[in-house]
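One-letter residues, chain by chain:
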Protein chains: 4
Amino acid sequence: MLIIMQPQASEANIENVVSFIEKQGFTAHISKGEVQTVIGCVGGKTIDKRNIELLAGVREVVKITSSYKLASRTFKPDDTVLEVKDAKFGGRYAGIIAGPCTIESEAQMEEAAEKLAAIGVKTIRGGAFKPRTSPYSFQGMGEDGLKIIKKVADKYGLAVISEVMEIAQIPLMEKYVDILQVGARNMQNFNLLKELGQINKPVLIKRGLSATIEEWLMSAEYVLSGGNEQVMLCERGIRTFEPMTRNTLDLSAIPVVKKLSHLPVIVDPSHATGLRDKVAPMSKAAIAAGCDGLEIEVHPHPECAICDGAQSLTPDDFDKLYSDINKIAEIVGKELK
Amino acid sequence: MLIIMQPQASEANIENVVSFIEKQGFTAHISKGEVQTVIGCVGGKTIDKRNIELLAGVREVVKITSSYKLASRTFKPDDTVLEVKDAKFGGRYAGIIAGPCTIESEAQMEEAAEKLAAIGVKTIRGGAFKPRTSPYSFQGMGEDGLKIIKKVADKYGLAVISEVMEIAQIPLMEKYVDILQVGARNMQNFNLLKELGQINKPVLIKRGLSATIEEWLMSAEYVLSGGNEQVMLCERGIRTFEPMTRNTLDLSAIPVVKKLSHLPVIVDPSHATGLRDKVAPMSKAAIAAGCDGLEIEVHPHPECAICDGAQSLTPDDFDKLYSDINKIAEIVGKELK
Amino acid sequence: MLIIMQPQASEANIENVVSFIEKQGFTAHISKGEVQTVIGCVGGKTIDKRNIELLAGVREVVKITSSYKLASRTFKPDDTVLEVKDAKFGGRYAGIIAGPCTIESEAQMEEAAEKLAAIGVKTIRGGAFKPRTSPYSFQGMGEDGLKIIKKVADKYGLAVISEVMEIAQIPLMEKYVDILQVGARNMQNFNLLKELGQINKPVLIKRGLSATIEEWLMSAEYVLSGGNEQVMLCERGIRTFEPMTRNTLDLSAIPVVKKLSHLPVIVDPSHATGLRDKVAPMSKAAIAAGCDGLEIEVHPHPECAICDGAQSLTPDDFDKLYSDINKIAEIVGKELK
Amino acid sequence: MLIIMQPQASEANIENVVSFIEKQGFTAHISKGEVQTVIGCVGGKTIDKRNIELLAGVREVVKITSSYKLASRTFKPDDTVLEVKDAKFGGRYAGIIAGPCTIESEAQMEEAAEKLAAIGVKTIRGGAFKPRTSPYSFQGMGEDGLKIIKKVADKYGLAVISEVMEIAQIPLMEKYVDILQVGARNMQNFNLLKELGQINKPVLIKRGLSATIEEWLMSAEYVLSGGNEQVMLCERGIRTFEPMTRNTLDLSAIPVVKKLSHLPVIVDPSHATGLRDKVAPMSKAAIAAGCDGLEIEVHPHPECAICDGAQSLTPDDFDKLYSDINKIAEIVGKELK
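Residues numbered from 1 in each chain as written. Chains lettered and ligands numbered in written order. Predicted model: local features only at pLDDT ≥ 70, side-chain atom pairs only at ≥ 80, totals over all residues. Heavy atoms only, no water.

J.: Is there a simple way to explain unusual backbone geometry in this structure?
T.: Both trends apply: most residues other than glycine have a negative phi, and most peptide bonds are in trans. Residues and elements named next belong to chain A. A positive phi angle, close to 50°, is found at K85, a residue other than glycine. One can find K85 in the loop between β5 (82–84) and β6 (87–89). Classification of K85 as partly exposed rests on a relative accessible area of 45%. (Helix = DSSP H or I, 4+ residues; strand = E, 2+ residues; numbered from the N terminus. Buried < 20%, exposed > 50% of the residue type's maximum accessible area, 1.4 Å probe, protein only.)

Right, dumping it as structure tokens:
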């Protein structure tokens, strides 16, 4: 930690700061420049830097160590590659997840799984518990839905991903699901993240609507620090002032995260844009930008979907898209899995 | 719901839209203008308007009814006034909540309660379970903390507010706490909100960092629709591009919400700004703007606080501030409680 | 324009609204629904809809016509293709613009032009007048710079694009430059836009840092309505809460604009991200998303650049990137020009 | 400037950085910590810190001096107080500016001036050149309007403020206007700011819609560095994701700027909220937060206003508001002027 004093800070100000940080267990190294003094702090426990910024004569406090450790490339320079059944995410692989927003019936999931498997998809998605903004909306099929998705996934050799909404659902999820998804609204549900650090299955953490990249990596750190090393991240749009798309898909997060962290980063273009005709261009863009996978909503009959049909592709649309992203992946050195 | 067609929409487009919405149970009223056609829809069930926007020839779909009902002034024109012990929030009252971020010890809370009660405060705050961005930070005293805050509050006749982080904590909270606070990160934890709709104590819902006012009112609707009519809202800053304050306190939300809803709206200037010297000006501003209360962090010894000391006032600072806001409240027709 | 009344609006409220809009020259069509009344307005002059929203009993006013006309696909369904020397932007072409941020010397521009032309670039960029946040920074070479860029461009058969900062510079620009660029900070400099509507050269309008897509199209409308039909748009990042990139590149703006408008949309990944190692992934992503061109900063010696060297590619880096985007363009049905 | 190396940076990395900055004229002071090395840089010219951040082994570069100097409190610890006729802004004065958005006629301005002067206002506003988002809207009365506002202001002893949109208008403005206003869209029109640094009249700089506080102070620096010390700032709302108000009024900018700078900061609640019924609460809040003045739209007949009538108060509304803010100002130690 570096404490940058104001140019007009007095000797008494500097002494007071040094005395304050020494009480917190830090060792101070004073460096007097031509214009102002900088105090380097070594050792000591975690401290809220605003406590120092409020001391007289202090201009700014700069942390020089990351708040996340296990998630950083400094800690683990090589890409983490997650393997789940035939799916692979990270390194030279881009894993493709597809399926409906919500599990509605066995017939729906059977048709989806058959078509997706034929196209080459290795992981199927489907929600059993739905977080809905309105208390008056459909809330999901629950365990019955999980049984259905597992059954059809087993039949076609697919891995299953589904969203876990609270701690109490974890045991159920572990029984039926291969990858547990943490939704954007739960990205900072720290108790849930801590529990997910105790399980032995991959966890996908969606970026919160207004989460910075650093906060997102801190959420990954919660899971990693519990001992579960199988974490991946999913960009799904951030909230901005632009009203024409539901959210603004932040594709530059891909190269930023891949530089800072070894964890796989995938992209969900369906929730980000909220409109079917924007999903294909944004999927191609995400792959071209070097992401480690995609999560795309595909529904056998989007016009009948209970939820988010407007952002779901038909299997035919998806087939065409898959073929395009397969070619783009090759150009950027990735293989679809 | 109104469906506005594009100027170039064909007769076939219009017929297709009408047929689509009639299948969903709506009755269509077609109104052909000079430039374009508008189709009014009456009856029918809830529908995702994007499904209609994707139909050929549709320009825009406009909902003409609110997504929240019980929270709206249309439903209940008169201000809701919440009374908890001697505290009052709403109508002509502005309730003042003060206390430390975190319950640290009985000595700390005893000192805080004594001083706050002497100043005139009627509600004391203090966190027992702390949501922390980093897994390596202090996580709260739990039930021991709740026992302490209840003990000192009873001694000085104060109401108690504390944050509930998950469903499992509700029974514990009900035992010790008068007002249950839902944190900004949990504003869309819909399962938690639904459970809070079943209890018989006031619930304060903080606005999420990137929540629109409409979404915030929808969260209140979750609690109200469960049967619990004791809901109040708390503005605590939204996330913007400005880095000089932790968040941007959106005080214009006060008159906006008070026009749309009958629920009390209070303001937390401490978390919004994150810095002690910004708390007093923003507290005065919030009262001047007509809010129904404040929640302010006050710590007997901020420099020793485990958490958020940098944004805590000393009791002396708070005493001076209380006197100022008392005078401003009078000018805008409010009484502090 | 549709005026949606509140459910509790009285007959007197409705009559008052009708009387108000008839005074403005509109004809009113009243449509009474089960829940509320909707008043359609036809004819009349432009009106600030907030004036109606403030009338008693009004819930919302919805405009049902676009505020831009000439820029819309409704007005011109086919893609506009701009041709400048050998460069083409729009339709099935993606025009590639490259060059240094700032014109520094003839040697610099000669080296840049030679290398870029060899790679296949058809348009060279370079700033002669630099808008700088700090009054203490280098402000550009002015007309001397323009002479240099024209000279080298002529030698290698390239088109020239450069930024015009104010009306007084237009005649100078017309003399030396093929495409006049309007910077993000000038996107709503309406006087400048009006003047650019009078010239006979293509105008590229960068999206303002906090401009909505609708406002961006309105700025294009200013130029188009003056009679200049040669307009193209350039996405260069919007301001969000995320601090790790300079701005957030909004690639979903590409499919959104291309649906609403016939104008070419290109992307500037250099200014959006502000960092060299993010330029290649974002360039590939933009092409994959279907943009009509790129504007990329390339400097023969970025480490010596006066301005924005940190976001400039070397000619070698750019050569490799050009080859990749050439392949991606083919997959999405575009040809680089 | 401090260069913070990554923990894993090699000796060669450090030497390379030192060599790079020495070439730019800096002297390097290396400080090796337990975890990582920090390099302090003294002297040297202005440098784009991203150029250093791109060097191998560098984690972050921290500037330790402000980018603005003349605008900072370090440079001038005492509040700047601007006096224009009877109006005063800054220090213990809050100057109140009121008047219509646009100058429409002499009758309109005469009525406005008479009523405002009677209430106690010392500065009248009115636009002669209007920047309008749409090319099809009214663009202002020009010099005829300036003549009118000067005439009525002289009659009632008021100061005049009006917006200057481009350099060419400055001489005209100097003739008729006491304070030249730079609109939000022109906050980074650096050529205009430089010219305004040459005049001898106060300049009010509105904050750009997406301008950080630091950028706003840099814009003030442009004017100050030209020799014009009469600068004041005006907060008028920033762009956020919230759609219910036109912009989000950032009142916390008041204490933030007043700590960093000696310049007066006033607030425009009319443009920020865009709706008349939000103007009074936000005006009171701004005064309570300690601002140095207000700029409020007041129109004798808002329902007939050509522009922004929806956000204009009537003289009667304003009279009531003035009385309230007068009392609040006293509580926070300010006098209205």
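Having seen it, we continue.
J.: In this structure, what is going on with the pairing of strand β11 (residues 203–206) of chain A? I would like to understand it.
T.: Successive residues of a regular strand alternate their side chains across the two faces of the sheet. All names here are of chain A. Side chains V203 and I205 of β11 all project onto a buried face; the interleaved residues L204 and K206 project onto the opposite face, where all are buried too. Taken together, the three bridges between strand β10 (residues 179–182) and β11 define a ladder with parallel strand orientation. Note that in β11 the partner of L180 across the bridge is V203. Taking the sense of rotation as the criterion, the β-α-β connection linking β10, helix α6 (residues 190–196) and β11 turns out right-handed. Relative to strand β12 (residues 231–235), β11 is paired through four bridges, and the arrangement is parallel. Its bridge partner lying in β12, L204 is registered against M232. Note that the unit made of β11, helix α7 (residues 213–225) and β12 has a crossover that is right-handed. (Pairing = 2+ DSSP bridges. Right-handed = clockwise from strand over helix to strand, strands pointing away.)

J.: Which parts of the structure should I look at to understand the domain arrangement of chain A?
T.: How big an interface is tends to be stated in terms of accessible area lost as the parts join. When the domains of chain A are assigned, the result is domain 1 (2–62) and domain 2 (82–336). Here domain 1 of chain A and domain 2 of chain A have C-alpha centroids that lie 45 Å from each other. (Domains from an automatic or database assignment.)

J.: Would you explain the packing of helix α3 (residues 106–119) of chain D against helix α4 (residues 143–156) of chain D in this entry?
T.: Between two packed helices, what matters for the description is the angle formed by their axes and the separation of those axes. Residues and elements named next belong to chain D. Relative to each other, α3 and α4 sit at 30°, their axes nearing to 9 Å. As the angle between them shows, α3 and α4 are arranged roughly parallel. Where α3 crosses over α4, the two elements pack in a sense that is right-handed. Counting all contacts with α3, which are made through E106, M109, E110, A113, E114 and A117, the residues of α4 involved are I148, I149, K151, V152, K155 and Y156. Of the residues assigned to the contact of α3 with α4, the class counts are seven nonpolar, no polar and five charged. (Axes fitted to C-alpha atoms, helices over the stretch in contact; angles between N-to-C directions. Parallel < 35°, antiparallel > 145°, perpendicular 65-115°, else oblique. Left-handed = near helix turned anticlockwise from the far one by under 90°. Contact = heavy atoms within 4.5 Å. Nonpolar A, V, L, I, M, F, W, Y, C, P; charged D, E, K, R; others polar.)

J.: What am I meant to see in the sheet that holds strand β1 (residues 2–5) of chain B here?
T.: Residues and elements named next belong to chain B. Overall, antiparallel pairing links the four strands, which are arranged β2-β3-β1-β4 in an open sheet. Strands at the two margins of the open sheet, each flanked by one partner only, are β2 (26–32) and β4 (58–62). In this sheet, neighbouring strand axes are inclined to one another by 20° on average, regardless of whether the strands run parallel or antiparallel. With seven bridges joining them, β2 and strand β3 (residues 37–43) adopt antiparallel strand pairing. Bridged to F26 within β3 is G43. Against the sheet, helix α1 (residues 11–23) contacts β1, β2, β3 and β4, and its axis sits at roughly 155° relative to β2.

J.: Would you mind showing me how to read the relation of the copies chain C and chain D here?
T.: Between the two copies of the chain lies a rotation about an axis combined with a shift along it. Once turned by 180° and shifted 0.0 Å along the axis, chain C lies on chain D with an RMSD of 0.1 Å. When the rotation and shift are considered jointly, the pair of chain copies conforms to a two-fold rotation axis. Closest to the rotation axis within chain C is the C-alpha of S210 of chain C, separated from it by 2.9 Å. Interface overlap between copies is the fraction of interface residues in one copy that are interface residues in the other; for chain C against chain D it reaches 100%, indicating a shared surface. (Least-squares fit on C-alpha atoms with pLDDT ≥ 70 in both.)

J.: Can you help me understand the interface of chain C and chain D in this one?
T.: Taken together, the contacts link 41 residues of chain C with 41 residues of chain D. Here chain C meets chain D over a buried area of about 3600 Å², counting both sides, of which 50% is carbon and sulfur. Remark: the boundary between chain C and chain D carries two salt bridges. The salt bridge partner of R239 of chain C is E215 of chain D, with a shortest N-O separation of 2.7 Å. Of all the elements in the fold, those that place two or more residues in the side of chain C that touches chain D are α2 (49–53), α6 (190–196) and α7 (213–225) of chain C. With five residues, the single largest contributor to the side of chain C that touches chain D is α7 of chain C. (Buried area = accessible area lost by both parts, 1.4 Å probe. Salt bridge = Lys/Arg side-chain N within 4 Å of Asp/Glu carboxyl O.)

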